[in-house]
Amino acid sequence: MFLTRKTCALCSEAYPIVIDVARRRRHTVETIDVDEAGLDGRFGDRVPVLLRDGVEVLSGRFGLS
């Protein structure tokens, strides 16, 4: 699950990376806007966040390295 928000520049940078890796590994990615889902209280400004099975695996600025 990829947590994002419409005004997040980091999210825009991270999204293509997440989608590319997911496709290569034959995974699907559910994208959730934290503001629309009411998760802004839990995550605040800390987006993007990548969750796997409900566990946070990445957040903030990340890329392939």
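The structure this text deals with has already been given above.
Residues numbered from 1 in each chain as written. Predicted model: local features only at pLDDT ≥ 70, side-chain atom pairs only at ≥ 80, totals over all residues. Heavy atoms only, no water.

A.B. asks: So what exactly am I meant to see when it comes to the pairing of strand 3 (residues 49–52) here?
C.D. replies: Consecutive side chains along a regular strand alternate between the two faces of the sheet. Relative to strand 3, strand 1 (residues 2–4) is paired through two bridges, and the arrangement is antiparallel. The partner of Leu 3 across the bridge, within strand 3, is Val 49. Examined bridge by bridge, strand 3 and strand 4 (residues 55–59) share four bridges and lie antiparallel to one another. Residue pairing across strands places Arg 52 opposite Val 55, the latter belonging to strand 4. If you look at the hairpin formed by strand 3 and strand 4, you'll find two residues sitting between the two strands, and Asp 53 has a positive phi there, around 55°. (Pairing = 2+ DSSP bridges. Helix = DSSP H or I, 4+ residues; strand = E, 2+ residues; numbered from the N terminus.)

A.B. asks: Looking at this structure, how should I read unusual backbone geometry?
C.D. replies: Comment: phi is negative for the bulk of residues other than glycine, and the bulk of peptide bonds are trans. The omega torsion of the bond from Val 47 to Pro 48 falls at 5°, within 30 degrees of zero and hence cis. Here Pro 48 shows up in the loop between helix 2 (40–43) and strand 3. One non-glycine residue with positive phi stands out, namely Arg 26, at about 60°. Structurally, Arg 26 is set in the loop between helix 1 (9–24) and strand 2 (31–33). Of the residues examined, Arg 26 reaches a relative accessible area of 78% and is grouped as exposed. Even without a glycine there, the phi angle at Asp 53 is positive, about 55°. On the secondary structure map, Asp 53 appears in the loop between strand 3 and strand 4. Looking at Asp 53, the relative accessible area reads 76%, which means it is exposed. (Buried < 20%, exposed > 50% of the residue type's maximum accessible area, 1.4 Å probe, protein only.)

A.B. asks: Can you walk me through the nonpolar core in this structure?
C.D. replies: The tendency in soluble globular proteins is for nonpolar side chains to be buried side by side. Core analysis: the biggest nonpolar cluster contains 14 residues, and Phe 2 and Leu 3 have the highest contact counts within it. Excluding residues within four positions of it along the chain, Leu 3 makes contact with Cys 11, Ile 32, Val 34, Leu 39, Phe 43, Val 47, Pro 48, Val 49 and Leu 51. (Core = buried A, V, L, I, M, F, W, Y, C linked by side-chain atoms within 4.5 Å. Contact = heavy atoms within 4.5 Å.)

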